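Analysis of the macromolecular model
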Amino acid sequence: MIAQFEGISSYPILYSFRRCPYAMRARLALVVSGMVCELREVVLRDKPQEMLDVSPKGTVPVLVDRDGRVFDESIDIMFWALEQHDPEQWLTPEQGSVEQMLELIDKCDRGFKYNLDRYKYPNRYENTDAIVHRTEGYLYLEILNSRLRETRYLFGNRVALADRAIAPFVRQFAHTDLEWFSQQSLPHLQSWLTEFVDSEIYTRIMPKYPKWESGNKSVVFP
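Remember, it's a predicted structure, so these values are computed and weren't measured experimentally. Here, residues in each chain are numbered from 1, in the same order as that chain's written sequence. Local features in this predicted model are restricted to residues of pLDDT 70 or higher, and side-chain atom pairs are both shown and tallied only at a pLDDT of 80 or more, whereas totals for entire chains, interfaces and linings draw on every residue. Where side-chain values are given, they derive from all heavy atoms of the structure, hydrogens and water being excluded.

**Focus: the nonpolar core**
Within soluble globular proteins, side chains that are nonpolar tend to cluster in buried spots. For our purposes a nonpolar core is just a set of buried Ala, Val, Leu, Ile, Met, Phe, Trp, Tyr and Cys residues, chained together by side-chain atoms within 4.5 Å. The cut-offs for exposure are 20% and 50% of the maximum accessible area for each residue type, with area from a 1.4 Å probe on protein chains only; residues under the lower value are buried, those over the upper are exposed, and the others partly exposed. Ranked by internal contacts, the top residues of the largest apolar core, which has 62 residues, are Trp90, Leu141, Ile166 and Trp192. For the purposes of this entry, the term helix denotes a DSSP run of H or I that reaches at least four residues, the term strand denotes a run of E that reaches at least two, and both are numbered from the N terminus. Per-element accounting of this core gives the leading share, 9 residues, to helix α6 (residues 161–176). Those residues in contact with Trp90, other than ones at most four positions away along the chain, are Leu28, Ala29, Val32, Met78, Leu82, Met101, Val159, Ala160, Leu161, Arg164 and Ile201. Ranked by size, the runner-up nonpolar core spans 13 residues in total, among them Val54, Val60, Val64 and Trp212. We call two residues in contact whenever any of their non-hydrogen atoms come within 4.5 Å of each other.

**A closer look at the pattern of salt bridges**
The rule for a salt bridge is simple: a side-chain nitrogen of Lys or Arg has to be within 4 Å of a carboxyl oxygen of Asp or Glu. Per the counting criterion, the structure on display carries 9 salt bridges. Of the charged contacts in the structure, one is a salt bridge between Asp109 and Arg25, with a shortest N-O distance of 2.9 Å. With a gap of 84 residues between them, Asp109 in helix α4 (residues 98–120) and Arg25 in helix α1 (residues 21–33) connect regions that are remote in the sequence. A relative accessible area of 22% means that Asp109 is categorised as partly exposed. Notably, a salt bridge pairs Asp46 with Lys211, separated by 2.4 Å at the nearest N-O pair. Remark: Lys211 occurs in the loop between α9 (200–205) and β6 (219–221) and Asp46 occurs in the loop between β3 (37–41) and α2 (49–54); sequence separation between them is 165 residues. Of the residues examined, Asp46 reaches a relative accessible area of 39% and is grouped as partly exposed. The exposure class assigned to Lys211 is partly exposed, which follows from its relative accessible area of 30%. Here the salt bridges share partners, and the residues they tie into one network are Asp46, Lys211 and Glu213.

**Quick word on the UniProt feature "domain: GST C-terminal" (unreviewed entry) in the protein chain**
UniProt positions are given in the numbering used here, feature names are shortened, and annotations may be inferred rather than shown by experiment. As recorded in UniProt, the sites labelled "domain: GST C-terminal" (unreviewed entry) are residues 91–214. Spanning residues 91–214, this segment combines 65% helix with 0% strand, and its end C-alpha atoms are found 35 Å apart.

**A short note on the UniProt feature "domain: GST N-terminal" (unreviewed entry) in the protein chain**
Following the UniProt record, one finds the feature "domain: GST N-terminal" (unreviewed entry) at residues 10–89. Helix makes up 35% of residues 10–89 and strand 19%, with an end-to-end C-alpha separation of 27 Å.

Spelled out as structure tokens, the structure:
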């Protein structure tokens, strides 16, 4: 959703949650683009009213830009940042197109995320078999591994939007049972994920911040 919000801030405001893969991908785009914002770390069980006022659906990330526009979809935030400055050409993949990257990302956000949630949190869903959903999610990982067999990244030999939008979700899947994941025949995907987790940009998006509350001193990010 893109809406309007009447408010004043020296920087765009980003409501985020450190471990949320959607929020992680938004922070990745902000870092690489150099777009500075005021980061407000959210505790999901106690969401600030200020965030709910601008985005009633209550999910992170939410970005409010200097013009008061509200972006509460992670991909929209990535495009907002990268369309202003894209020094690593994430929106210009070495192979393929933006449309093809978005198609692969959509498969992550729909089918893979559905299975990831039920694999990682089976107790949250009635009549859920975690292993069944792990198996279903693995099919998407095989697609990624196959692409990475030919090139270092998903759309060529340099990083693009799809790599950074998808990696946080693969990381979450892998860390649900890291021993099991490391034993799978996914060598190209495992190397790709290790490179992501060991990267400087990953380190830059993962510092811990205290819960934001109204009146707190601003945290400037990145």
